Amino acid sequence: MMPFDDDCWRSIGVAGDRSCAELARHVHCRNCPRHDAAAGRSLHRPLDAGYREDWASVLARPPVQDAGTDATAMVFRVGAEWLALPLALAASVAPLAPVHRLPHRSQGGALLGVVGVNGRLLPAVSPARLLGITSSGAKAQGRHTFARLLVLAGPDLPTSIALPVDEIHGVLRHASSAMRPPAATVGHAPPLVAGVIGEGELQAGLLDGALLMAQLGGLLR
C-alpha cells in the first residue's frame, strides 16, 4: 500500500508522478475519498493566530465611496475618432447591412439612404460626413473589430435613424463634472461635441444630444 498524506495528489497523484495505485480506479484525485477527506480536514483546521483580528480590521474599513458617476454614454468609433452619445438616445445595435440609395437625392451628403434593421427600413446617416471625420475605414491595430449599425431614437425624431459605425465599444458610466473641454481636432465639429469623457486610455468626444437630434431631424425634412 502506498503511503498517503493530505497532499498526496501533489506527490503521487495527478499533480505528481502519477504512481498512486488508486488512479486506475478513480482516474483523477478529485474522485478519491482520501482527497475529499483531506479537503475536509483543511477546511476544519484551527484558525491561525490573528485570523479573526485581521478579518475584523478588513470588515471595519469604511465602504469605498462611489466615484460620482451620474451619466451613461454609448461609446463608438468612426474612423480614428472615439465618440460617445447619451445612452438614452441609443435604441439598439444591429449588424451592418447594405444601404439603399434614395432617388432624387444628391450623393455625398450625410443622408446615405435607407437600411433594413429588424424588418424596418430606417434612414441611414453617415456620422463621418455629419461630423467631418476622414478615413472612416481606419481600424485600431491589434483589435478584432466589427462595423455595426447604431440605431438612434428620440422624441424629436420622426423615426429611428441608423448610423454605420466602425466599432461599438459599449456603455461607459462617467461623471458629468469630470467632462473636459473638447479638443479642436475631435470630429472637427466643435458645435456637436460637448466635451471629452474617458476611462483609462479610452477618451471619447461626447456629442451634445440635443444638437445631434436637431441636426439629424433636419436631414429628414
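Just above, that's the structure.
Just so you know, the residues in each chain are numbered from 1, in the order the chain's sequence is written. Only residues with pLDDT of at least 70 get local features here, since the model is predicted, and only at 80 or more are side-chain atom pairs given and counted; chain-wide, interface and lining totals rely on the full set of residues. With hydrogens and water set aside, each side-chain value is computed from the structure's full complement of heavy atoms.

## Comments concerning the side chain of Arg-77
In DSSP terms, a helix is any run of H or I states spanning at least four residues, a strand is any run of E spanning at least two, and both are numbered starting from the N terminus. Locating Arg-77 in the fold gives a position in strand β1 (residues 71-78). At a separation of 2.6 Å, a polar atom in the side chain of Arg-77 contacts the main-chain carbonyl oxygen of Gly-79. Any pair of nitrogen or oxygen atoms within 3.5 Å is treated as a polar contact; in protein, a donor-acceptor pairing is required on top of that, and neighbouring residues in sequence qualify only through side-chain atoms on both sides.

## Details of the nonpolar core
Among the nonpolar cores identified, the biggest contains 26 residues, and Phe-76, Leu-85, Leu-150, Leu-152, Leu-207, Leu-212 and Leu-216 are the most heavily contacted of them. In this analysis, two residues are considered to be in contact whenever any of their non-hydrogen atoms come within 4.5 Å of each other. With residues up to four places along the chain from it excluded, the contact list for Leu-152 reads Leu-85, Leu-89, Ala-90, Ala-91, Leu-157, Ser-160, Ile-161, Leu-163, Leu-212, Met-213 and Leu-216. Of all hydrophobic cores here, the second largest spans nine residues; its members include Trp-82, Ala-84, Ile-197 and Leu-206. Nonpolar cores were defined as sets of buried Ala, Val, Leu, Ile, Met, Phe, Trp, Tyr and Cys residues, with membership established by side-chain atoms within 4.5 Å. For each residue, the accessible area found with a 1.4 Å probe, counting protein chains only, is set against the maximum for its type, and the residue is called buried under 20%, exposed over 50%, and partly exposed in between.

## Structural notes on the environment of Pro-181
Mapped onto the fold, Pro-181 is located in the loop between β9 (167-174) and β10 (193-199). As a C-alpha pair, Pro-181 and Gly-205 span 24 residues in sequence and 9.2 Å in three-dimensional space. Excluding anything up to four places from it in sequence, Pro-181 contacts Gly-195 and Val-196.

## A look at the sheet that holds strand β2 (residues 81-86)
Each pair of strands is called paired provided DSSP finds at least two bridges between the two strands. With mixed pairing, the five strands of this open sheet are ordered in space as β9-β1-β2-β11-β10. Here the strands that pair on one side only, and so sit at the sheet edges, are β9 and β10. Sheet twist, expressed as the mean angle between neighbouring strand axes with direction ignored, is 35 degrees. As paired strands, β1 and β2 are joined by six bridges and run antiparallel to one another. Bridge assignment links Arg-77 to a residue of β2, and that residue is Trp-82. Convention adopted: a line fitted to C-alpha atoms gives each axis, helices being fitted over their contacting stretch, and angles between N-to-C directions are expressed from 0 to 180 degrees.

## Here's the deal with the pairing of strand β8 (residues 161-165)
Of all the five residues making up β8, four are buried; the element is thus mostly covered by neighbouring parts of the structure. Pairing analysis gives five bridges linking strand β7 (residues 148-152) to β8, with the strands arranged antiparallel. Of the residues in β8, the one forming a bridge with Leu-150 is Leu-163.

Purely geometric stuff here, so don't read any function into it on its own.
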